[in-house]
Amino acid sequence: MDRLDTLALFLRIVEKGGLAAAGRDFSLSPAAVTERLAGLEAHYGARLLNRTTRSISLTDEGRVLLEGARDLVSEAKDLEARVRLGVEQLSGPIRISAPFDLGRHRVARTLDRFMGAHPDVSVDLSLTDGYVDLVAQGHDLGIRFGDLKDSSLHARKLGDNRRLVCASPDYLKRHGTPEHPGDLADHNCLLMRFGDNIDQEWPFMLEGKRRIFVVRGTRLANDGELVRRWCCEGQGIALKSNWDVSEDLAAGRLVELLSAFEPPPSSLQVIYPGGRKLPKRVRALIDFLCEEFAA
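Conventions we followed
- Residues numbered from 1 in each chain as written.
- Predicted model: local features only at pLDDT ≥ 70, side-chain atom pairs only at ≥ 80, totals over all residues.
- Heavy atoms only, no water.
- Pairing = 2+ DSSP bridges.
- Helix = DSSP H or I, 4+ residues; strand = E, 2+ residues; numbered from the N terminus.
- Axes fitted to C-alpha atoms, helices over the stretch in contact; angles between N-to-C directions.
- Contact = heavy atoms within 4.5 Å.
- Buried < 20%, exposed > 50% of the residue type's maximum accessible area, 1.4 Å probe, protein only.
- 1 Å grid on protein atoms, 1.4 Å probe; cavity = no way out; pocket = protein on both sides within 12 Å on 5 of 7 lines; lining within 4 Å.
- Points joined across faces, edges and corners; volume = space filled by probe spheres on them.
- Nonpolar A, V, L, I, M, F, W, Y, C, P; charged D, E, K, R; others polar.
- Parallel < 35°, antiparallel > 145°, perpendicular 65-115°, else oblique.
- Left-handed = near helix turned anticlockwise from the far one by under 90°.
- Expected span 1.5 Å × (residues − 1).

**Student:** Sorry if this is basic, but what is going on with the sheet that holds strand β5 (residues 141-145) here?
**Tutor:** Strands pair in a sheet through their backbones, by hydrogen bonds, and they do so in one of two ways: parallel or antiparallel. Spatial ordering of the open sheet is given by β4-β3-β5-β15-β6, a layout of five strands whose pairing is mixed. Only two strands of the sheet have a single neighbouring strand rather than two, namely β4 (121-127) and β6 (153-161). Strand-to-strand twist of the sheet, defined as the mean angle between neighbouring strand axes without regard to direction, takes the value 20°. The pairing of strand β3 (residues 92-98) with β4 spans seven bridges and is parallel. Across the sheet, residue glycine 92 finds its bridge partner in β4, namely valine 121. Contacting β3, β4, β5 and β15 (266-273), helix α5 (residues 100-117) crosses the sheet at an angle of about 175° to β4. Against the sheet, helix α8 (residues 242-251) touches β5, β6 and β15, its axis set at about 25° to β6.

**Student:** What exactly am I supposed to notice about unusual backbone geometry here?
**Tutor:** Most peptide bonds take the trans configuration, and most residues that are not glycine carry a negative phi. Residue serine 27 is not a glycine yet carries a positive backbone phi of 60°. With respect to the helices and strands, serine 27 occurs in the loop between α2 (19-25) and α3 (30-44). Judged by its relative accessible area of 69%, serine 27 falls in the exposed class. Positive phi values are uncommon outside glycine, yet leucine 258 reaches one of about 55°. As for its placement among the helices and strands, leucine 258 is situated in the loop between β14 (255-257) and β15.

**Student:** It is not clear to me how the environment of serine 57 should be interpreted in this structure. Could you clarify?
**Tutor:** Along the polypeptide, serine 57 turns up in strand β2 (residues 56-58). In this structure serine 57 comes out as partly exposed when scored by relative accessible area, which is 35%. Once the C-alpha coordinates of serine 57 and aspartate 101 are considered, the two residues, 44 residues apart in sequence, prove to be 31 Å apart. Excluding residues within four positions of it along the chain, serine 57 makes contact with Leu48, Leu49 and Asn50.

**Student:** Is there a simple way to think about the layout of surface pockets in this case?
**Tutor:** Empty space among the atoms becomes apparent when a probe as large as a water molecule is rolled across them. Space inside the second largest pocket adds up to approximately 450 Å³. When contributions to the lining of the second largest pocket are tallied by element, the ones reaching two or more residues are α1 (3-16), α4 (60-85) and β3. Ranked by the residues each element gives to the lining of the second largest pocket, the list is headed by α1, at five residues. Partitioned by chemical class, the residues of the lining of the second largest pocket number five nonpolar, four polar and nine charged.

**Student:** Can you walk me through the packing of α5 against helix α9 (residues 280-294) in this structure?
**Tutor:** Angle between the axes and distance between the axes: these two values describe a pair of packed helices. Where α5 meets α9, the axes come as close as 10 Å, and the angle between the chain directions of the two elements is 120°. Relative to α9, α5 is oriented oblique. When you trace α5 past α9, the crossing you get is right-handed. Along the contact surface, α5 presents Leu102, Arg106, Val107, Thr110, Leu111, Arg113 and Phe114, while α9 presents Arg281, Ala284, Leu285, Phe288, Leu289, Glu292 and Phe293.

**Student:** Would you explain the environment of serine 259 in this entry?
**Tutor:** Within the element layout of this structure, serine 259 appears in the loop between β14 and β15. Looking at serine 259, the relative accessible area reads 49%, which means it is partly exposed. For the pair serine 259 and glycine 274, spaced 15 residues apart in sequence, the C-alpha to C-alpha distance is 37 Å.

**Student:** Would you explain α3 in this entry?
**Tutor:** Each α-helix turn comprises 3.6 residues. Residues three or four places apart therefore point the same way. Over its 15 residues, α3 runs 21 Å from end to end, which matches the ideal 21 Å to within 8%, given 1.5 Å per residue. Listing the buried residues of α3 in full gives Ala32, Val33, Leu37, Leu40 and Glu41. Backbone geometry just after α3 places glycine 45 at a positive phi near 65°.

As far as function goes, none of this settles anything; it's purely spatial.
What follows is the structure, given as structure tokens:
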């Protein structure tokens, strides 16, 4: 195994969170992985990982190597693809992170069309509504709601994201229709958990000012698709992105509520690590996503 392969193994150890799991991907025994890692640390003269029986974590030197190694391995794969398949043909893996609902309903379809045009590209799509560290987890890009806060990342806007309150006609028939945000206190609201945070502070605009109403309910989940399904089944009222429920609204499965009090939209963005040259296949997919969502 040459130095570039060893760097690739180091990346996989960090991504998998363990030596044994990374070794399986490279058909190496745990002892062989430990030996390769020790050789890498000896070469750089620094400890790269803090290891216990239960977990691993990067040292400061390991974080520096992580950034550089990811660039080197990615560029080497891109160079090999261009040499083997020609500069106009895209190939190689792309790792993507996206929210559950958006990933299932829109991103997956967009990826189908992109891969149909570029059959030598492979995709690893990870769906989560929680926080994702793109760099630490080895993702090439992510699709996220809201404005970018991490200055080490770059972003391109895919569109505006309206968050709207909605419920099924059956729920409204049984429980009545709220006419004011304050009326939500008398309704069962379907709540989302983002990591350790429960999204029960819903924003509205009243007399030109943004106000927060705290809502409560009997159903809580960290999966936006499940919250959408509960809402369609008449289990309660939900606050959802328009990207997630547009088809349900058009089909009459859901009804939009309290639109007169809706706050200004935020952004839907594709984000990617800054400070390095993106592989051609990743740049092409970002361009494709922007075109598809704009359409």
